[in-house]
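Tertiary structure, described
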Amino acid sequence: MPRLKIAAGLAALAMLGACATATPYQPAMTSSMGYSELKIETNRFQVQFAGNSLTDRKTVETYLLYRAAELTKLNGYDHFRVVRRDTDADSRMVAVGGAGSPFYNHFYLDYYYFSPRAPIYRSRFYDPFYDPFWGAPTEYRESTRYVATAEILMGKGEKPDDAAYFDADEVIMNLSGTIMRPDEG
């Protein structure tokens, strides 16, 4: 029985550790984090890479470019052109630190609304996240998640002399040292 508890504890710790790392270069099959692509035409794809809140913008855009080069080679082409590119940032405020009540979350009509001191809180001191019985107000930080999307057009032969075109072999060679795969943890 103690071995089972230790194994369960280690499994829980491993899952917690996986949540506290940046998104590795992986397909977005089991979650929405990672790369995905959509074939539009024979030589035209829409490529996307979505990172979690610990993955910075530069990494998300690098992984997108690497996936575009990888996809180009997988389909038998030599170079690709970025037709359209966009990086979206999804920012939100996340509560960190402080103490909160273990018995309820702070939904809109909490017990302040019906308490005898409710008019005082609503008039001058009302802070919906402050609870005099469970500690100080919670602190907040901004959490940003980036999603990069590009439409690429693939081609064969010599790469045209235009900044929008990328040689797939060179991109793979130059960026492969910066790619973090899931098994490299």
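So, how was this worked out
Residues numbered from 1 in each chain as written. Predicted model: local features only at pLDDT ≥ 70, side-chain atom pairs only at ≥ 80, totals over all residues. Heavy atoms only, no water. Core = buried A, V, L, I, M, F, W, Y, C linked by side-chain atoms within 4.5 Å. Buried < 20%, exposed > 50% of the residue type's maximum accessible area, 1.4 Å probe, protein only. Helix = DSSP H or I, 4+ residues; strand = E, 2+ residues; numbered from the N terminus. Contact = heavy atoms within 4.5 Å. Pairing = 2+ DSSP bridges.

Observations regarding the nonpolar core
Within the largest apolar cluster, 24 residues are counted, with the highest numbers of intra-cluster contacts made by Tyr-25, Phe-49, Phe-80, Ile-152 and Met-154. Elements supplying a minimum of two residues to this core: β2 (44–50), α2 (57–74), β3 (79–96), β4 (139–155) and α5 (168–175). The greatest single-element share of this core, amounting to seven residues, is contributed by α2. Dropping the residues within four chain positions of it, Tyr-25 is found in contact with Tyr-35, Phe-49, Tyr-63, Tyr-66, Arg-67, Glu-70, Ile-179, Met-180, Arg-181 and Pro-182.

Some thoughts on the environment of Leu-38
Inspection of the secondary structure puts Leu-38 in strand β1 (residues 34–41). C-alpha of Leu-38 to C-alpha of Gln-48: the two residues are ten residues apart in sequence and 8.7 Å apart in space. If we skip the residues at most four places from it in the chain, Leu-38 touches Arg-44, Phe-45 and Gln-46.

Structural notes on the pairing of β1
Note that β1 and β2 share seven bridges and pair antiparallel. The residue of β2 that forms the bridge with Tyr-35 is Phe-49. If you look at the hairpin formed by β1 and β2, you'll find two residues sitting between the two strands.

Honestly, that's just the spatial picture; any functional story needs more than this.
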